[in-house]
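# What the coordinates show
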Amino acid sequence: MNLLQDAKNWVRARSIHVAYVDVGSCNGCDIEVLACLAPRYDIEQYGILVHNNPREADILLVVGAMTPQWIDKLPALWAKIPAPKAAIAIGNCPISGCVYNRRETYILGPVSKYIPIAAEVPGCPPRPTEILSAVLSVAPTVFRDYEVKRP
Amino acid sequence: MRSVFWYLREFLRVPWIHAFLFAKTAPLLTPPYFREYPSLTDVECTHCFSCRMICPAPGAIEVLQEGGAWHPVIHRGHCLRCGLCVEACPEGVLSSGRILRWQEEDRTSFHATFHIAVDHTKCMRCGNCCVSCPVNKEQDPQMASGGHSSNDEVIMKIAGGKHTVIHEDRCVGCRTCEGACPNSAIQVARILEGLQGVAEG
């Protein structure tokens, strides 16, 4: 059992499926996430696959300030992801609303009010290296010994 | 069948296995000239709030007093790393990337002046703005309710039954008067100029 758990831990740290969702961003962080996929950063060499299907995902990257249209849709999308799962807030917007967090804007952040956020990557936008290191450091710690910790 | 052997032989080559298992690009390091979150230098902060005034992100920078010394505090999750606070600081308290070096080379600086606009149709000459103004308080400590003063060194006063702005250049942009005005008749506008090739100050 222990050996099996170790094998699961090893595999889960090296095969991370990622879905990303834009809950109303300016596309700046989207472009940085896409830059991770490009050959310069090449996220797939670390065993991370971005295919944007929540049913298959382990990690959800949340991009953008929370707009009212997403209030019911984001928890629904989060519920579709099979456990073990983790959400990472990319950029300032899901954390604080950043420059959109002013009077007369339709921002109902932070995102952590709606779904549990495992890690936050600040920056406007964060650098691809920061996104990459966040995904790589969150996945092993969150998914480690999932079967043991499961209630 | 021959192709199976071909594949087996191909995939059992040591260079192929090595490349398959250890193919990784070198880790990308953040170059030192990238604009990081502004960090404090050893220069003492004079709490002029230039950094706060120029900051485009709400809640990104605060100037706090701790143990008698003032220093700016950057809040991650709000900060854009635009570096404007580094550029705006007249003392060079903050540093980020090569902004300070460029500023020295190009001799660029920001110069802020303040314009006080009073809507005389809304103003009821109560003098609250003149009394609340901290710069007025320094120039004329005797100024009492009504905002009258015999001193011409104040920023503004009520003279001849009319709100009069005398020394707009002394305004530091604290906007205390805006808060003190019961009619929202007074507004302070910051006029920011970017200068190049001019000595700072």
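Residues numbered from 1 in each chain as written. Chains lettered and ligands numbered in written order. Predicted model: local features only at pLDDT ≥ 70, side-chain atom pairs only at ≥ 80, totals over all residues. Heavy atoms only, no water.

### Some points on the interface of chain B and chain A
Interface extent is often summarised as the accessible area lost during association of the parts. Between chain B and chain A, the contact holds 18 residues from the first and 19 residues from the second. When chain B packs against chain A, the two sides together hide about 1,500 Å² of surface, and 49% of this comes from carbon and sulfur. The interface formed by chain B and chain A holds two salt bridges in total. A salt bridge links Arg81(B) to Glu130(A), with the nearest nitrogen and oxygen atoms 3.1 Å apart. Here the residues of the side of chain B that touches chain A are counted per class, giving nine nonpolar, four polar and five charged. (Contact = heavy atoms within 4.5 Å. Buried area = accessible area lost by both parts, 1.4 Å probe. Salt bridge = Lys/Arg side-chain N within 4 Å of Asp/Glu carboxyl O. Nonpolar A, V, L, I, M, F, W, Y, C, P; charged D, E, K, R; others polar.)

### Structural notes on helix H1 (residues 2-14) of chain A
Residues and elements named next belong to chain A. Taking 1.5 Å per residue, 13 residues should reach 18 Å; H1 reaches 19 Å between its end C-alpha atoms and fits that length. Taken as a whole, H1 has its buried residues at Gln5, Asn9, Arg12 and Ala13. The buried residues of H1 occupy an angular sector of 95° when projected down its axis, which confines them to one face. Facing away from the buried surface of H1 by more than 90 degrees, the exposed residues are Leu3 and Trp10. On its buried face, H1 sits against strand E1 (16-22), helix H5 (128-143) and helix H6 (146-149). (Helix = DSSP H or I, 4+ residues; strand = E, 2+ residues; numbered from the N terminus. Expected span 1.5 Å × (residues − 1). Buried < 20%, exposed > 50% of the residue type's maximum accessible area, 1.4 Å probe, protein only. Arc of directions from axis to C-beta.)

### Quick notes on the pattern of salt bridges
Residues and elements named next belong to chain B. By the definition in use, this model includes eight salt bridges over all chains. Between Arg81 and Glu36 there is a salt bridge, with the nearest N and O atoms lying 3.9 Å from each other. Highlighted residues: Arg81 in the loop between strand E3 (69-74) and helix H4 (84-88) and Glu36 in the loop between helix H2 (14-22) and strand E1 (39-40), separated in sequence by 45 residues. On the accessibility criterion, Glu36 (30% relative accessible area) is partly exposed. Note that Glu105 is salt-bridged to Arg101, the shortest N-O span being 3.7 Å.

### Digging into the domain arrangement of chain B
Here the domain parsing of chain B yields domain 1 (39-106) and domain 2 (115-190). Spacing between the C-alpha centres of domain 1 of chain B and domain 2 of chain B amounts to 30 Å. (Domains from an automatic or database assignment.)

### Observations regarding a nonpolar patch on the surface
Residues and elements named next belong to chain B. A cluster of nonpolar side chains, Met1, Val4, Phe5, Leu8, Leu12, Ile17, Phe20, Leu21 and Phe22, forms an exposed patch at the surface whose accessible area comes to about 1,000 Å². For the nonpolar patch, the secondary-structure elements that each account for two or more residues are helix H1 (2-11) and H2. The biggest single contributor to the nonpolar patch is H2, with four residues. Mapped onto the secondary structure, Ile17 falls in helix H2. (Patch = residues over 30% accessible without salt bridge, like charges linked within 9 Å, V, L, I, M, F, W, Y side chains within 5 Å. Areas by Shrake-Rupley, 256 points an atom, 1.4 Å probe, with all protein chains shown as cover.)

### A look at the sheet that holds strand E2 (residues 48-50) of chain A
Residue and element names in this part refer to chain A. Strands sit in the order E2-E1-E3-E4-E5 across an open sheet of five strands; the sheet is parallel. Edge positions in the open sheet fall to E2 and strand E5 (119-121), since each of these has one partner strand only. Neighbour-to-neighbour, the strand axes of this sheet turn through a mean angle of 25°, independent of strand direction. As paired strands, strand E3 (residues 59-63) and strand E4 (residues 86-90) are joined by five bridges and run parallel to one another. By the bridge assignment, Val63 is partnered in E4 with Ile90. Of the strands in this sheet, E1, E2, E3, E4 and E5 are in contact with H5, which crosses E4 at around 160°. (Pairing = 2+ DSSP bridges. Axes fitted to C-alpha atoms, helices over the stretch in contact; angles between N-to-C directions.)

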